[in-house]
Protein chains: 2
Amino acid sequence: MTESRAYHSPRRRQEAANTRRAVLDAALRLFADRGYDRVTVAEIASRAGVATKTVYASVGGKPDLLKEVISAAVDESRGQGTADLVRACDDPRRIVELIAEGTRGDNEQHRDLLAVTHAAMSAHQEEAAALWERTTSLYRALLAETAERLDGLGALPEDLSVEEASQILWFCFGIPAWRTAVHDFGLDWDAAQRWLLRRALALLLR
Amino acid sequence: MTESRAYHSPRRRQEAANTRRAVLDAALRLFADRGYDRVTVAEIASRAGVATKTVYASVGGKPDLLKEVISAAVDESRGQGTADLVRACDDPRRIVELIAEGTRGDNEQHRDLLAVTHAAMSAHQEEAAALWERTTSLYRALLAETAERLDGLGALPEDLSVEEASQILWFCFGIPAWRTAVHDFGLDWDAAQRWLLRRALALLLR
């Protein structure tokens, strides 16, 4: 009874949230540095400065840790904010620029997590494909809505369908595109944004 | 002495080559199905129908198996043939088509291996990054030479450098581009080739 009351105190709740945060930070850092398969729960506990059983109690096992790390990133994505800006904008060129800025922010901020998720998916499809789907579905929805908006403004070339425009937006601003510009071309994020924006404008607008 | 002479007989040499081939095939199949980290040498041996020690004797441990599987794929790549066709062609549009055809062939044929290598690289950079470098260096060299050739024919827009044209060729026909078109868009290989070719022509030629 005393235990239970103590657990529901604001201080205890704050401590539990801090522990959870430390565990998730440690998991992301270790997954990114060494790969999901090569990290143990005990190592994550050690890095977070807690007991192994605390990791299981506060988040769960390794698959739960990966899921929760991704959920946190999806929750703090700027996708919704970008969607609002696109809806309020009437200038097709500016709309494409907004997508370049919005997707750059998320790709730059979450680059480690995206690499971890993608590697986990490639290595064992069944478990991680659904996570990747969750990571990309809001992203793809934003791009599909943007293609509709550009079409509504009469900005797309006549021989380009809305679906193809949506594919071009993913081709130019999707996760693989940012990786290609930053990793394969060695560009910094500003230069990558200019590079991809230039291609998108050439492919998308009349 | 008898052992040694027997080992150097043509029949023994053929058997050794067959065993090696069976081991490499089994390794690729298991790496692709379950991910490099989740496969043991004993499982590869079992799948190839040989003893575990035969795997070590004929190829080596897991890192050697991955390296040899990639080497075999690089050796049978059509990159060199495509380079010869590009050198012999004077029509810029046809040159871009040749790159589309050549890179499609390698990406389609080696799609499992590319996924395995990429996942291995993402998960533990130090070991596999050099392998990825080896896999892509001939590929990137072909695209750089093609950009030079298009420039020599006066086919590039005036504001496009040869380096940027080379980046555009990787953006449109590199390993991530084919994966995006086939996996993310769900296109078959013919449709993917048409999709990517259309974008490359729009971005590259005057």
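Just so you know, these numbers come straight off a predicted model, no measurement behind them.

**A short note on the side chain of A:T146**
- Looking at the secondary structure, you find A:T146 in helix α9 (residues 125-152).
- For A:T146, a relative accessible area of 0% puts it in the buried group.

**Observations regarding the relation of the copies chain B and chain A**
- For the pair chain B and chain A, the best superposition has an RMSD of 0.0 Å and corresponds to a rotation of 180° with a translation of 0.0 Å parallel to the axis. Classification of the inter-copy transformation places it as that of a two-fold axis. Looking at the rotation axis and the C-alpha trace of chain B, the residue lying nearest is B:A119, at 2.3 Å.
- Looking at chain B, 97% of its interface residues are interface residues in chain A too, so the copies touch through the same face.

**Focus on the pattern of salt bridges**
- Here the structure, examined in full by the defined rule, presents 36 salt bridges over all chains.
- A:E108 is paired through a salt bridge with A:R104; the nearest N and O atoms lie 2.8 Å apart. In this pair, A:E108 and A:R104 are both assigned in helix α7 (residues 92-109), 4 residues apart and thus about one turn of the helix distant.
- On the basis of relative accessibility, which here comes to 25%, the residue A:E108 falls in the partly exposed class.
- B:E68 is paired through a salt bridge with B:R20; the nearest N and O atoms lie 2.6 Å apart. Here B:E68 is found in helix α5 (residues 62-75), whereas its partner B:R20 is found in helix α2 (residues 10-34), with 48 residues between them in sequence.
- Here the salt bridges share partners, and the residues they tie into one network are A:R93, A:R94, A:E97 and A:E101.

**Focus on the nonpolar core**
- Within the largest apolar cluster, 82 residues are counted, with the highest numbers of intra-cluster contacts made by A:F171, A:F173, A:L204, B:F173 and B:L204.
- When residues of this core are assigned to their parent elements, the largest contribution, 10 residues, is made by helix α12 (residues 189-204) of chain A.
- Contacts of A:F173, omitting those with residues within four sequence positions, involve A:V96, A:I99, A:A100, A:T103, A:N107, A:Y139, A:W178, A:L196, A:L197 and A:A200.

**A short note on the environment of A:D37**
- By secondary structure assignment, the location of A:D37 is in the loop between α2 (10-34) and α3 (41-48).
- Taking relative accessible area as the criterion, A:D37 reaches 26% and is therefore assigned partly exposed.
- Spatially, the C-alpha atoms of A:D37 and A:S58 are 21 Å apart, while their sequence positions differ by 21 residues.
- Within the structure, the side chain of A:D37 is placed 3.3 Å from the side chain of B:R38, a separation counted as a polar contact.

**Remarks on the domain arrangement of chain A**
All names here are of chain A.
- In terms of domain boundaries, chain A breaks down into domain 1 (2-60) and domain 2 (77-204).
- For domain 1 versus domain 2, the distance between C-alpha centres works out to 33 Å.
- With 6 residues of domain 1 at the interface, the matching set in domain 2 holds 4 residues.
- When domain 1 packs against domain 2, close to 440 Å² is buried across both sides, 72% of that on carbon and sulfur atoms.
- The tally of links between domain 1 and domain 2 comes to 1 salt bridge.
- Note that D112 is salt-bridged to R29, the shortest N-O span being 3.0 Å.
- One can count 1 residue pair in polar contact (both at pLDDT 80 or more) joining domain 1 with domain 2.
- Class assignment of the residues belonging to the side of domain 1 that touches domain 2 gives a composition of 4 nonpolar, no polar and 2 charged.

So, how was this worked out
Residues numbered from 1 in each chain as written. Chains lettered and ligands numbered in written order. Predicted model: local features only at pLDDT ≥ 70, side-chain atom pairs only at ≥ 80, totals over all residues. Heavy atoms only, no water. Helix = DSSP H or I, 4+ residues; strand = E, 2+ residues; numbered from the N terminus. Buried < 20%, exposed > 50% of the residue type's maximum accessible area, 1.4 Å probe, protein only. Least-squares fit on C-alpha atoms with pLDDT ≥ 70 in both. Contact = heavy atoms within 4.5 Å. Salt bridge = Lys/Arg side-chain N within 4 Å of Asp/Glu carboxyl O. Core = buried A, V, L, I, M, F, W, Y, C linked by side-chain atoms within 4.5 Å. Polar contact = N/O pair within 3.5 Å; in protein donor to acceptor, adjacent residues only side chain to side chain. Domains from an automatic or database assignment. Buried area = accessible area lost by both parts, 1.4 Å probe. Nonpolar A, V, L, I, M, F, W, Y, C, P; charged D, E, K, R; others polar.

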